[in-house]
Structure formats: C-alpha cells, structure tokens
Amino acid sequence: MDILVRGNSVDGTIRVFAAVTTELVNEMRRIHDTSATASAALGRLLTGAAIMGAQLKGEDDAITLQINGDGPLGTMIAVTDSNAHVRGYVANPHADLMPNSKGKLDVGGAVGSGFLSVIRDLGLKEPYIGRIPLTTGEIAEDLTYYYAKSEQIPTAIALGVLVDTDLSIKAAGGYMIQLMPEATDETADKLTELIQNLPPITDMVANGMTAQEIAFAVTNGFDMVIENKSAEPAYECKCSRQRMERALISIGRKDIREIIDEQGEAEMCCQFCDKKYVFSKEQLEEIYDKAQ
C-alpha cells in the first residue's frame, strides 16, 4: 500500500515529507498506457503533486501542476487534493526517447523547455498561480526551483520512478525537505551534505524502505518526529456524468444545437481516466433546454 508521511524536527527548523507511490504510478500507467519515459515523467509529477497536497488544509483545497514543454511529451497535468489523491495526464503518452548519456530515461529531453505552473485553489475568489521557466525538465529540480523562486522556501525534492522491463512500475516515490525561517546556515549545510550522499529514491523504495524509514534517512542526524497521521496516495479521478453534462452546457446553446443536428449524439472522454460518456439525441435536447 502506498503511504505518505510528514514530520518536523524537534526544534521546528526542518519539515519533511516522504512518500511511496508505486501502486499510484502503476494505476496511472494502466489507464494511460504510457511509454517508459512518459511513465517516469508523469509518475514524478503525480508523486510531487501528492506530496504538495499533504500541505493543504481544507477538504476542498486543490493544487494543479501543469508543465508546458516543447518536448515530445507535450503538456502534462497533475491535480491533487488534501488527501494526496491525484489524477493527471500527458498529451502524448506513447512518446519515448533513447536513454540519456547516463543510461537513464531521458525525462528532461522528453519534457523539453517551457514553463511550470502551480495553481493553488484554496476556496478563495481567485486561485493563486505561480509560473516559472523549467530549469531541467526533470520535474524534481523544477519544483525545487519553484519553491525557491515563488515561495522563498529553501527546499530539496527528490522524485523517482523505476520502470521494469515489461513497462510496469517497479518502484516510485519521493521526498521533500524544507527549511523553516529559524534554520541556521549550519543546518542547511549539514542537510545539503546529507542529501548529496543519499542513494536514489527509487533504490530506497525498491529495497523495501517504508515512507517513514525514508523520512528518517533523509534527515539522519536530526531529532525528528513523524506525525501519526499519514496519507494514502492514490490515483483517483473525480469525473462523473454530471460533470460532463455541465461541460456540455458551458459550450452554449449554439454549439449544442450543431452537435444535435450534425452528429445526433455526443461522446465525451475524460482526459484523466479515459472513461467515455455517451449522450443520446434525446439527452442532448434536454441539455440544450437546460442551457437556456
């Protein structure tokens, strides 16, 4: 079972989040039939979103991560709620590249150059939107840069997806460490040295480490307390027939009439879970009346 934990140092200067998301990413791969590179890219984005969702307070709060890159993967989106339940999609799920010079999946090349947008919907009149240029396209580095640039929070993020030879997900997870304003330069230097000597997050997960063990490993040497309340990250789509009906209503009476006259029915497909919804001519007539 996937688990996400969070904790703080006893002196309040460090905050840590750690997650195992292997099942979540496997479900994403099953739904979208992603290539190895697409699985790694979208899997990292979904894991990052789940970790960021653990910071949300309200039950209806949400965060959307959107990457607009010029690489072959195209646009990628991940949406999370406060329970670390996520959904997402990649424009070109079958796009793939040869391994990079290190023999690793070339996520950066597949994402390309572009922008990362972080949209926080906290139930206010307008959502907060932060936008930064992509630094590497490797996802974790871009999210780290987002926190430094847009929120001025010193942050270290690691995200990883290990794809097996049959394209299933062997291991996936991530962690995020943040320094609070009271942290000293000595604390920052000690953490930096520690992180530089850590094994890849996918090695930790593949070797059977739990999220709690990862959280303690990445803050080794500091007095940490892990909260009792953990989250269970999961891939969960919130689509419904009612939502699709509202989407049809939103396009306006003129376009609905054209669909009725020219096609006789409408088929809509959810981008997040690929579920199809079919509306008959009679149902479209009812929707047309509602659009008045």
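Residues numbered from 1 in each chain as written. Predicted model: local features only at pLDDT ≥ 70, side-chain atom pairs only at ≥ 80, totals over all residues. Heavy atoms only, no water.

## Description of the packing of helix 8 (residues 241-250) against helix 10 (residues 281-290)
Packing of helix 8 against helix 10 leaves a shortest axis separation of 9 Å and a crossing angle of 60°. One way to sum up the angle between helix 8 and helix 10 is to call them oblique. Of the two possible hands of crossing, helix 8 and helix 10 adopt the one that is right-handed. Within the contact between the two elements, helix 8 uses Arg241, Glu245, Leu248 and Ile249 and helix 10 uses Gln283, Leu284, Ile287 and Lys290. Class assignment of the residues belonging to the contact of helix 8 with helix 10 gives a composition of four nonpolar, one polar and three charged. (Axes fitted to C-alpha atoms, helices over the stretch in contact; angles between N-to-C directions. Helix = DSSP H or I, 4+ residues; strand = E, 2+ residues; numbered from the N terminus. Parallel < 35°, antiparallel > 145°, perpendicular 65-115°, else oblique. Left-handed = near helix turned anticlockwise from the far one by under 90°. Contact = heavy atoms within 4.5 Å. Nonpolar A, V, L, I, M, F, W, Y, C, P; charged D, E, K, R; others polar.)

## A few points about the pairing of strand 4 (residues 76-81)
When you tally the buried positions in strand 4, you get six out of six residues, the bulk of the element. Residues Met76, Ala78 and Thr80 line one face of strand 4 and the alternating positions Ile77, Val79 and Asp81 line the opposite face, and both faces are buried. As paired elements, strand 3 (residues 62-69) and strand 4 share six bridges and run antiparallel to each other. The residue of strand 4 that forms the bridge with alanine 62 is aspartate 81. Bridge analysis of strand 4 against strand 5 (residues 85-90) gives five bridges, and the strand direction is antiparallel. (Buried < 20%, exposed > 50% of the residue type's maximum accessible area, 1.4 Å probe, protein only. Pairing = 2+ DSSP bridges.)

## Some words on the pattern of salt bridges
Tallied over the entire structure, the rule returns nine salt bridges. Between arginine 120 and glutamate 151 there is a salt bridge, and its shortest N-O distance comes to 2.8 Å. Note that arginine 120 is positioned in strand 6 (residues 114-121) and glutamate 151 in the loop between helix 4 (140-150) and strand 8 (155-163), a separation of 31 residues in sequence. The exposure class assigned to arginine 120 is buried, which follows from its relative accessible area of 13%. Under the relative-accessibility criterion, glutamate 151 is labelled partly exposed at 23%. Among the salt bridges present, the one from glutamate 236 reaches lysine 238, with a minimum N-O distance of 3.3 Å. In this structure glutamate 236 comes out as partly exposed when scored by relative accessible area, which is 30%. According to the relative accessible area criterion, lysine 238 is partly exposed, its value standing at 30%. Through salt bridges with shared partners, a single network forms among Asp81, Glu236 and Lys238. (Salt bridge = Lys/Arg side-chain N within 4 Å of Asp/Glu carboxyl O.)

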